[in-house]
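One letter stands for each residue in the lines below.
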Amino acid sequence: MRIVVLAGGIGGARFLRGLKRAAPDADITVIGNTGDDIHLFGLKVCPDLDTVMYTLGGGINEEQGWGRTDETFHLKEELAAYGVGPEWFGLGDRDFATHIVRTQMLSAGFPLSAVTEALCDRWQPGVRLIPMSDDRVETHVAVTLPADGSAGEPGERKVIHFQEYWVRLRAAVAAEAIVPVGAEQAKPAPGVLEAIAEADVVLFPPSNPVVSVGTILSVPGIREAIAEAGVPVVGLSPIVGDAPVRGMADKVLAAVGVESTAAAVAEHYGSGLLDGWLVDTVDAGVVARVEAAGIRCRAVPLMMTDTEASARMAREALALAEEVR
């Protein structure tokens, strides 16, 4: 079986670990979100690609779900001592090595897809990991920062990188718009459209539907390829009981006018893209609403408490795919 998964960060990576257990003989291609990518300290940082690579390769910090295990932060501390920031983005010493190698290879002329393949040669994630595009795409967020109150001035409206919104501000202010800068001019990376065309099933894991899966779908050609592939497309809700399982997806859903419910996210993707949708058992009451939108829906446990729980979710997704095939 050939499976294509559109993956963001922690949720996508943990789902993939379960999928590998549920379908050990499957040929899995992961199309990774690069909208979270950022340049820091002169280095190209790809948080979502690295989270998938580290998680499946056994190097992830399990407690926080991102970054390396057994990490130290001496380099970050030394940079701070020189007054070099930003201090709000925590790159560890082991993690720095990945970004140095990536940046060197990019500077030598290798595309991001080739660089990612080379990095995976070390980690052996057991899947084929492809960035959504070799072109630069960065998700930005329009916000109004609170006024300092000194002169009664209104807050400043500005557009900031998604990482600054998510990590530095902790999504504490409302997101007014989400802009995948560069997406309209981007092209799918080599192998992306081919993998979709050859797939037996396409899965949307419980990743952020706006800034993870949504950003991947914003690259021209990817959404169309999935819609036209003629294979089951099944998603798993990242919203359980009207709240994100992890992170702050409700903040960015509001920015695109989508309520933070399992049913609304399914409707946001739409029946032209989704064939099946899994919601958590606590949201069983929305099954009829989702099916009324033309999407087959089932309620199953969706909490990834461990790898076996993630594997059960993956089996349910594959079973639903067979049901709608």
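Residues numbered from 1 in each chain as written. Predicted model: local features only at pLDDT ≥ 70, side-chain atom pairs only at ≥ 80, totals over all residues. Heavy atoms only, no water.

Draft legend 1. The arrangement of the packing of aromatic side chains in detail. Taken as a whole and judged by the stated rule, the model has 6 aromatic pairs. Aromatic pair Trp88 and Phe89: ring centres 5.8 Å apart, planes at 75 degrees, arrangement edge-to-face. Owing to a relative accessible area of 26%, Trp88 belongs among the partly exposed residues under this scheme. When the ring of Tyr269 is compared with that of Trp277, the centres are 5.8 Å apart and the planes differ by 65 degrees; the resulting orientation is edge-to-face. Linked through ring pairs, Phe204, Tyr269 and Trp277 together constitute an aromatic cluster. In this structure, Arg68 packs its charged tip against the face of Tyr54, placed 5.5 Å from the ring centre. (Phe/Tyr/Trp six-rings, centres within 6.5 Å; stacked < 30°, edge-to-face > 60°. Buried < 20%, exposed > 50% of the residue type's maximum accessible area, 1.4 Å probe, protein only. Lys NZ or Arg CZ within 6 Å of the ring centre and 35° of its normal.)

Draft legend 2. Expanded view of the environment of Ala114. Turning to its location among the elements, Ala114 is positioned in helix α5 (residues 112–123). Measuring from C-alpha to C-alpha, the distance between Ala114 and Pro131 comes to 9.5 Å, with 17 residues separating the pair along the chain. (Helix = DSSP H or I, 4+ residues; strand = E, 2+ residues; numbered from the N terminus.)

Draft legend 3. Geometry of the sheet that holds strand β6 (residues 138–145). Strand order in the open sheet made by the 3 strands is β7-β6-β8, with antiparallel pairing throughout. Looking at strand neighbours, the two that pair on one side only are β7 (156–161) and β8 (177–181), the edges of this open sheet. In this sheet, adjacent strand axes meet at a mean angle of 25 degrees when their direction is disregarded. Sheet analysis places β6 next to β8, joined by 5 bridges and oriented antiparallel. When the bridges of β8 are listed, Val141 appears paired with Ile178. (Pairing = 2+ DSSP bridges. Axes fitted to C-alpha atoms, helices over the stretch in contact; angles between N-to-C directions.)

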